Protein chains: 2
Amino acid sequence: MQKKAVILLSGGLDSATVLAIASSQGYECHTISFNYGQRHKAELDFAADLSSSMGAKSHRVVNVDMGPIGGSALTDTRIDVPVSGVEDGDIPVTYVPARNTVFLSYALALAEVLKSDDLFIGVNAVDYSGYPDCRQEYIDAFEKMANLATKIGVEGHTLNIQTPLIALTKAQIIQMGTELGVDYSLTVSCYQADDLGRACGVCDSCRLRKQGFEDANIQDPTRYLPMTNP
Amino acid sequence: MQKKAVILLSGGLDSATVLAIASSQGYECHTISFNYGQRHKAELDFAADLSSSMGAKSHRVVNVDMGPIGGSALTDTRIDVPVSGVEDGDIPVTYVPARNTVFLSYALALAEVLKSDDLFIGVNAVDYSGYPDCRQEYIDAFEKMANLATKIGVEGHTLNIQTPLIALTKAQIIQMGTELGVDYSLTVSCYQADDLGRACGVCDSCRLRKQGFEDANIQDPTRYLPMTNP
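Cut-offs applied
Residues numbered from 1 in each chain as written. Chains lettered and ligands numbered in written order. Predicted model: local features only at pLDDT ≥ 70, side-chain atom pairs only at ≥ 80, totals over all residues. Helix = DSSP H or I, 4+ residues; strand = E, 2+ residues; numbered from the N terminus. Contact = placed C-beta atoms within 7 Å. Nonpolar A, V, L, I, M, F, W, Y, C, P; charged D, E, K, R; others polar. Pairing = 2+ DSSP bridges. Axes fitted to C-alpha atoms, helices over the stretch in contact; angles between N-to-C directions. Buried ≥ 20, exposed ≤ 12 C-beta atoms within 10 Å, placed from the backbone. Arc of directions from axis to C-beta. Least-squares fit on C-alpha atoms with pLDDT ≥ 70 in both. Expected span 1.5 Å × (residues − 1).

**Q** Is there a simple way to think about the overall build of chain A in this case?
**A** The helix and strand tally for chain A stands at 7 helices and 5 strands. For chain A, the N- to C-terminal ordering of α and β elements is β-α-β-α-β-α-β-α-α-β-α-α. In chain A, the share of contacts with a sequence separation of at least 24, taken over all contacts with a separation of at least 6, comes to 72%.

Right under this line is the structure:
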């Protein structure tokens, strides 16, 4: 029987690459996306389309209610999204409290129900050094907890959390995805993309993505908003 | 400054006791409840009332979307709630996949936003030996992960997950809560309570609660549904 994998799919460049990697390894892929009140909701449509066009077996959207929690520029419209670049060592205001922990928890629940032993997430420690929950030691700790939390551990299986992008630069991710046939025009990374998924070109996420295509020497297929189109 | 604590409050007997314990230790208490599509929604009203009557500083209800995940008698009406007693060693069908992990993740996010270093949860390893996520080793692993996941760990604080009930019997919990002044008539434990919070008297949760009052030799203030009132 084909091995099942749960893939966290945001609709962005990284997670699309992860889906391509899991597919190329022969997994039956089940994607999961999160509607967490993010400003950039276009990514949810992109995620659904990516899942389908890349041959995933199922796709789910889970509503994550961060409203009562607050505390991030991505979910609280009273906090501005910064456009001045990522500062080393600081945790950006675009950091959503415990976001990956909440997302991984739902993905874990799904893995348990589907009886999947593999869970893929596109965290990256190179570009997101300011996010504590993008570090491998965090993922390792989550994996250990997950195996104690669920029937999976009790029934003698082991849940593996796979982070194929963790040590790659954006350019390396783009190169790998391009080799695997990912169409990056179908992905959106911008923190404040419009309803059509067009990117602002100036937020941290846009700058990292843009630089990645430049460094990889691959043409950037991103659709930018007219005003900010370079 | 008064130390803040985040308390997971279900509206049941155990978490009400935990709130009383945290209050008695001088914490400024912030309660959090979860609407996860449970059949027994009356507990959400009970939780809000308990939080207020027991002097918590704030109360939040987070909508947890387990619908796309499925897999439990508590959230899937196609699976019957068992009334025949808990079997040793088996994981009951009332187990919700990764539930405590999902709940603790939201509570962790709240702790991070409130800058609280203490998180209280009423897990109990005595009565719920069949639930993997009620064991202390699971809680310890979550705590370790949590300190790697968030700003809390990065900023040199330590998040402590307190489980004051973990080794207590139901009778001991009831005795402790009664000494702390908890009014258990304001709590609801039944897996299939009606809209008024009246208990069925026959589900696993009702049976454990009933037995607890008997063993503690304290009068059971639970309001049972007329049909099943003994």
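There is more to say, and it comes next.
**Q** What exactly am I supposed to notice about the interface of chain A and chain B here?
**A** It is common to give the size of an interface as the accessible area that goes away when the parts come together. Tallying the contact residues gives 36 residues for chain A and 36 residues for chain B. Elements supplying a minimum of two residues to the side of chain A that touches chain B: strand S3 (58-63), helix H3 (99-114), helix H4 (136-149) and helix H5 (151-154) of chain A. Considering every element that reaches the side of chain A that touches chain B, the biggest residue donor is H3 of chain A, with 9 residues. Within the side of chain A that touches chain B, the residues separate by chemical class into 21 nonpolar, 7 polar and 8 charged.

**Q** Help me understand the sheet that holds strand S3 (residues 58-63) of chain B, please; the structure alone is not making it clear to me.
**A** Backbone hydrogen bonds are what pair the strands of a sheet, in a parallel or an antiparallel way. All names here are of chain B. In space, the 5 strands of this open sheet follow the order S3-S2-S1-S4-S5, with parallel pairing throughout. Single-partner strands in this sheet number two, and they are S3 and strand S5 (160-162). Pairwise comparison of adjacent strand axes, ignoring direction, gives a mean angle of 25 degrees for this sheet. In this sheet, strand S2 (residues 28-35) lies alongside strand S1 (residues 4-8) in parallel orientation, the contact comprising 5 bridges. Directly across from Val 6, in S2, lies its bridge partner His 30.

**Q** Quick question: what am I supposed to make of the sheet that holds strand S4 (residues 118-120) of chain A here?
**A** Residue and element names in this part refer to chain A. Strand order in the open sheet formed by 5 strands is S3-S2-S1-S4-S5, and the pairing between neighbours is parallel. In the strand order of this sheet, the two ends are held by S3 and strand S5 (160-162), each with one partner. On average, each strand axis in the sheet is tilted by 25 degrees relative to the strand beside it, whichever way the strands run. Relative to S3, strand S2 (residues 28-35) runs parallel, the two sharing 6 bridges. Each residue of the ladder has a partner; that of Ser 33, found in S3, is Val 61. Contacts from helix H1 (residues 13-24) reach strand S1 (4-8), S2 and S4 within the one sheet, and its direction differs from that of S1 by about 170 degrees.

**Q** Even after reading the chapter, I still don't get helix H6 (residues 170-179) of chain A, so can you show me in this structure?
**A** Think of an α-helix as turning once every 3.6 residues; residues three or four places apart then point the same way. Residue and element names in this part refer to chain A. Buried residues of H6: Lys 170, Ile 173, Ile 174 and Gly 177, and no others. Taken end-on, H6 shows its buried residues confined to a sector of 95 degrees, consistent with a single buried face. Contact partners of the buried residues in H6: H1 and helix H7 (204-216). After H6 finishes, the residue Gly 181 shows a positive phi value of roughly 90 degrees.

**Q** Whenever I open this one, the relation of the copies chain A and chain B confuses me. Can you help?
**A** For these two chain copies, the linking operation is a rotation about an axis paired with a shift along it. Of the transformation superimposing chain A on chain B, the axial component is 0.0 Å and the angular component is 180 degrees, with the fit at an RMSD of 0.0 Å. In short, the pair behaves as if placed about a two-fold rotation axis. A shared binding surface is used by both copies, with 100% of the interface residues of chain A retained as interface residues in chain B.

**Q** Just checking my understanding: could you explain H4 of chain A for this structure?
**A** Along its 14 residues, H4 of chain A runs 20 Å from first to last C-alpha, staying within 8% of the 20 Å computed at 1.5 Å per residue. Considered for burial, the residues of H4 of chain A that qualify are Tyr 138, Ile 139, Ala 141, Phe 142, Glu 143, Met 145, Ala 146, Asn 147, Leu 148 and Ala 149 of chain A.

**Q** Help me understand unusual backbone geometry, please; the structure alone is not making it clear to me.
**A** What is expected of a backbone is that most residues other than glycine have negative phi and most peptide bonds are trans. With a phi close to 60 degrees, Lys 115 of chain A is a non-glycine residue in the positive phi region. Positionally, Lys 115 of chain A belongs in the loop between H3 and S4. Positive phi, close to 55 degrees, is recorded for Ala 98 of chain B, a residue that is not glycine. Within the secondary structure, Ala 98 of chain B sits in the loop between S3 and helix H3 (99-114).

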